[in-house]
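The primary structure of each chain is shown beneath.
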Amino acid sequence: MTEVPIRRALISVHDKTGLADLARELHQAGVEIVSTGSTAAAITAAGLPVTKVEDMTGFAECLDGRVKTLHPAVHAGLLADDRKPQHLVQLAELGIEPFELMVSGLYPFEQTVAAGAAPDECVEQIDIGGPAMVRAAAKNHARVAVVTDPSMYSAVADALRAGGFTLEQRRRLAAQAYARTAAYDVAVASWFASVYAPDTTAMATGWPDVIGSLWARSEVLRYGENPHQRAALYASGLGRDGIAGAEQLHGKAMSYNNYVDADAARSAANDFAEPCVAIMKHYNPCGIAIGTDLADAHRKAHNCDPASAYGGVIAANGVVTADLARQIAEVFTEVLVAPGFEPAALDILTAKKNLRLLRCPPPDRSAGVQWRPVSGGMLLQSADRADEPGDDPAGWRLMAGPPVSEAALRDLAFCWRACRCVKSNAILLASGGASVGIGMGQVNRVDAARLAVTRAGHRARGSAAASDAYFPFSDGLLVLAEAGVSAIAEPGGSVRDGEVIEAASAAGISLYFTGVRHFWH
C-alpha cells in the first residue's frame, strides 16, 4: 500500500481561489492545518481552525513578510523521511511534527512584470519561502504530496477519501511542482537579464545575456508534418492567448500542419483593421482580402485561387457571422479560426463534422520578439510589424510613372501589407482590396512574378503589385509590366534601381519605393 494518510497540511498561497473549500475538506477529514499570514487569515475568516506558522515556530514573521517560513520547524517537517528511523528520532527530539501535504501558490511575479510594474515592485514579488517549501516537499515525495495550483484541489479531496495520495500520484505532483519552480526561476532570471544586464555588451545591444521559457505539453498529436513523424503541442505560460491556447469548439483533433497554417492565417488576417479573411495552405496564403464585412472579404479571398482554397485553413479578424458561415460551409475547409462566432454561425458550421472551429483572440501586437530554433541554438529577432515609416504610403517615393488614383493607392497599400504574410521571394497582385495573384517561396524574383501573374490571369491587367524586397534586375518588373500591372510598390535599394526605374517609366508603370523590406523566410 503506497498511500500516505494526510494528517497535517501546510498551506501558503497568494491566490485564494478555492482555498476555503480546500480547508473545509481538510478539516472535515481531521487534518491539522498550518498556514501563513494572509492565508491563515482567509481560513479563519471561513470559520475553520488553523495554526499560524509563527505560533508553530515561535518566531514571528519579519521584514515585511520576507521571512516567515524559513525555519527548521517548517523544513524539517517537510523533509523528514519516515523510512529512516533516525529522522523520526530527531523529529521527536526537536519536538517537530511532520507534514504529509504542502499546498503552495507563489507570489505573482510573472503577472507583476507583465503589468509593467516598477523594478522594486517586481523584486518584492520574487517568492523565496514558497519555492523553498515546494522544492522540499517535492524532494520528499516518498511521503509528502505537494500541490501548486488551485486546479489540483479536487485531487486533494479525492485523496482524502482514498486514504491519501499514492506514490505514483506524489511523483506526478512532484514533477509538476519542479516544473512550476523551474518556470518561475526562468521568469525571474530572464527579467533580471533584461532589466539589470550584467555587462555593457548586453546593455549596448539591447539583448539580454539570458532568456528562457518553459513549455508544458498540452496535447499529443496524431503525427507531425508526415505520418512517420511523431508530434506534440507544447504551450508556454505566456502563450495562452496564442494559437496554442485556442479553444476548439468543434471538429476533429488538430494536426501539426493545422496548427502551423492556423497560426499563419490568424497573423495575416489580423494585420488589417478592416474586416479581413485570409485563406492559408502550406503556410502561404492562397487568398487574402479586406471587405465591407467578413462575408465580402471571404468571397474576394476565395476568388483569388478557388482550387487552392479547397482544404485550406481560414482566419477571420472578427466575429464569424451566419452569412460568412454559409459561404465557408460550401467549401471543404480544414480549420476556421476567429475571435468569436455568432450562435447562428455555429449552428451552420457544426453541421460539418470534420471542420475544426477555433476561438482565439487577436494576436498581441505589442509582443516584440520572435523565436526561431536552429540546431544547437535559438535565433531571436524583433517582430516584423507593418508599422515601419516605409509602410505608410504617405511616405513612399514615386520613382516612375504618374501618381496613382486614391483607389489604386489603397490597393497598393493593401498589397504592401498583405505581402508580409507571403513566404519570400514574394510578389502579390491585388485589385479592389483583394489578392488576385500570389507568387510565393521562389528562389528568384522573376519566378515569383511569373507565378503571380499566371495565377492572376486576366485579372493582372490594371492590378497593383507589391514585392517584399527590391528587384535586383528589371526582368521581374518586366514580367509584371507585360501582364498589364499598373502600379508597383517595392523597397528600392538595389544597385540597379536606375535600370528598374527606367523599365517602369518605359512601360508606363507607377513605381513607388517604400524604403523598407519585408522578407519572410
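Novice: Honestly, the overall build of the protein in this entry has me stumped. Any pointers?
Specialist: Scanning the protein for helices and strands turns up 20 helices and 21 strands. Scaling as 2.2 N^0.38, a compact globule of 521 residues should have a C-alpha radius of gyration of about 24 Å, whereas the protein reaches 30 Å, well beyond that. Seen through its principal axes, the protein has C-alpha atoms that stretch 100 × 60 × 45 Å. With 521 residues in all, the protein has 45% of them scored as buried. In the protein, the proportion of contacts linking residues at least 24 apart, taken out of those at least 6 apart, comes to 55%. In the structure as shown, the protein presents an accessible area of about 24900 Å², 53% of it carried by carbon and sulfur atoms. Taking the average location of the 46 positive side-chain charges in the protein and that of its 57 negative ones, the two points are 6 Å from each other.

Novice: Any chance you could explain the state of the cysteines here in plain terms?
Specialist: All told, the structure shown has zero disulfides when counted by the stated rule. Its sulfur unpaired, Cys 276 is 8.2 Å from the next cysteine sulfur, which belongs to Cys 421. Cysteine Cys 415 is unpaired, with the sulfur of Cys 419 as its nearest cysteine sulfur at 7.8 Å.

Novice: For this particular structure, what's the right way to read a nonpolar patch on the surface?
Specialist: On the surface, a cluster of nonpolar side chains totalling about 680 Å² of accessible area is made up of Trp 207, Ile 211, Trp 215, Tyr 234, Val 369, Trp 371 and Met 378. Locating Trp 215 in the fold gives a position in strand β6 (residues 215-221).

Novice: So what exactly am I meant to see when it comes to the pattern of salt bridges here?
Specialist: The full count for this structure, using the stated rule, is 19 salt bridges. Arg 171 serves as the salt-bridge partner of Glu 168, at 4.0 Å between the closest nitrogen and oxygen. Linking Glu 168 with Arg 171, this pair stays in helix α10 (residues 167-195), spanning three residues, or about one helical turn. For Arg 171, a relative accessible area of 44% translates into the label partly exposed. Taken together, the shared-partner salt bridges connect Glu 25, Asp 158 and Arg 161 into one network.

Novice: Sorry if this is basic, but what is going on with the packing of aromatic side chains here?
Specialist: Each aromatic ring pair is specified by the distance between its two centres and by the angle formed by the two planes. In this structure the tally under the stated criterion is eight aromatic pairs. These aromatic residues form a ring-pair network of at least three members: Phe 109, Tyr 184, Trp 191 and Phe 192. Over the ring of Phe 99 we find Arg 8; its NZ or CZ atom is 4.3 Å from the centre of that ring. Over the face of the ring belonging to Trp 520 we find Lys 423, whose NZ or CZ atom lies 4.6 Å from the ring centre.

Novice: Where do I start with the packing of helix α18 (residues 445-456) against helix α19 (residues 475-482) in this structure?
Specialist: Geometrically, a packed helix pair is captured by the angle between its two axes and the distance between the axes. Contact pair α18 / α19: the axes reach a minimum separation of 8 Å and the direction vectors enclose 15°. On the basis of their axis angle, the class for α18 and α19 is roughly parallel. In this structure, the crossing between α18 and α19 has a hand that is right-handed. Two secondary-structure elements touch here, α18 through Val 446, Ala 449, Arg 450 and Val 453 and α19 through Asp 475, Gly 476, Val 479 and Leu 480. Tallied by class, the residues present in the contact of α18 with α19 amount to five nonpolar, one polar and two charged.

Novice: So what exactly am I meant to see when it comes to the side chain of Asp 296 here?
Specialist: Examined against the element boundaries, Asp 296 turns out to sit in helix α13 (residues 294-304). You can call Asp 296 buried: its relative accessible area is 15%. Within the structure, the side chain of Asp 296 is placed 2.9 Å from the backbone nitrogen of Thr 292, a separation counted as a polar contact.

Novice: What exactly am I supposed to notice about the sheet that holds strand β4 (residues 101-105) here?
Specialist: Strands belonging to one sheet form pairs held by backbone hydrogen bonds; the direction of such a pair is parallel or antiparallel. Pairing is parallel in the open sheet, where five strands are placed in the order β3-β2-β1-β4-β5. Edge positions in the sheet fall to β3 (51-52) and β5 (145-147), since each has one partner strand and no second. Taken together, the four bridges between strand β1 (residues 8-13) and strand β2 (residues 32-35) define a ladder with parallel strand orientation. In the sheet register, Ile 11 faces β2, and the bridge partner there is Ser 35. Here helix α1 (residues 19-28) sits on the sheet and contacts β1, β2 and β4; the angle it forms with β1, its principal contact strand, is near 170°.

Novice: For this particular structure, what's the right way to read α10?
Specialist: Given 3.6 residues to a turn, an α-helix orients residues that are three or four positions apart in the same direction. In this model, α10 (29 residues) spans 42 Å end to end at C-alpha, consistent with the 42 Å of a helix rising 1.5 Å per residue. For α10, the complete set of buried residues consists of Arg 170, Leu 173, Ala 174, Ala 177, Thr 181, Tyr 184, Val 188, Ser 190, Trp 191 and Ala 193. Close packing links the buried residues of α10 with α6 (109-114), α7 (119-124), α8 (129-139) and β5.

Novice: What should I look at first to understand the packing of α13 against helix α15 (residues 322-329) in this one?
Specialist: Remark: α13 packs on α15, axes separated minimally by 8 Å, with the N-to-C direction vectors making an angle of 25°. Classified by the interaxial angle, the pair formed by α13 and α15 is roughly parallel. On α15, the residues that touch Leu 294, Ala 295, His 298 and Arg 299 of α13 are Asp 323, Leu 324, Gln 327 and Ile 328. Tallied by class, the residues present in the contact of α13 with α15 amount to four nonpolar, two polar and two charged.

Novice: I keep staring at unusual backbone geometry and nothing clicks. Help me out?
Specialist: Trans is the prevailing form of peptide bonds, just as negative phi is the prevailing case for residues other than glycine. Omega for the bond connecting Ser 424 with Asn 425 falls within 30 degrees of zero, at -5°, which places this linkage in the cis form. Along the polypeptide, Asn 425 turns up in the loop between α17 (406-418) and β17 (427-431). With a phi close to 55°, His 282 is a non-glycine residue in the positive phi region. Structurally, the position occupied by His 282 is in the loop between β9 (276-281) and β10 (284-290). For Tyr 283, which is not a glycine, the phi torsion comes out positive at approximately 70°.

Criteria and thresholds
- Residues numbered from 1 in each chain as written.
- Predicted model: local features only at pLDDT ≥ 70, side-chain atom pairs only at ≥ 80, totals over all residues.
- Heavy atoms only, no water.
- Helix = DSSP H or I, 4+ residues; strand = E, 2+ residues; numbered from the N terminus.
- Rg over C-alpha atoms; globule rule 2.2 N^0.38 Å.
- Buried < 20%, exposed > 50% of the residue type's maximum accessible area, 1.4 Å probe, protein only.
- Contact = heavy atoms within 4.5 Å.
- Areas by Shrake-Rupley, 256 points an atom, 1.4 Å probe, with all protein chains shown as cover.
- Lys, Arg positive; Asp, Glu negative; His and termini not counted.
- Charge placed at Lys NZ, Arg CZ, Asp CG, Glu CD.
- Disulfide = S-S within 2.5 Å.
- Patch = residues over 30% accessible without salt bridge, like charges linked within 9 Å, V, L, I, M, F, W, Y side chains within 5 Å.
- Salt bridge = Lys/Arg side-chain N within 4 Å of Asp/Glu carboxyl O.
- Phe/Tyr/Trp six-rings, centres within 6.5 Å; stacked < 30°, edge-to-face > 60°.
- Lys NZ or Arg CZ within 6 Å of the ring centre and 35° of its normal.
- Axes fitted to C-alpha atoms, helices over the stretch in contact; angles between N-to-C directions.
- Parallel < 35°, antiparallel > 145°, perpendicular 65-115°, else oblique.
- Left-handed = near helix turned anticlockwise from the far one by under 90°.
- Nonpolar A, V, L, I, M, F, W, Y, C, P; charged D, E, K, R; others polar.
- Polar contact = N/O pair within 3.5 Å; in protein donor to acceptor, adjacent residues only side chain to side chain.
- Pairing = 2+ DSSP bridges.
- Expected span 1.5 Å × (residues − 1).

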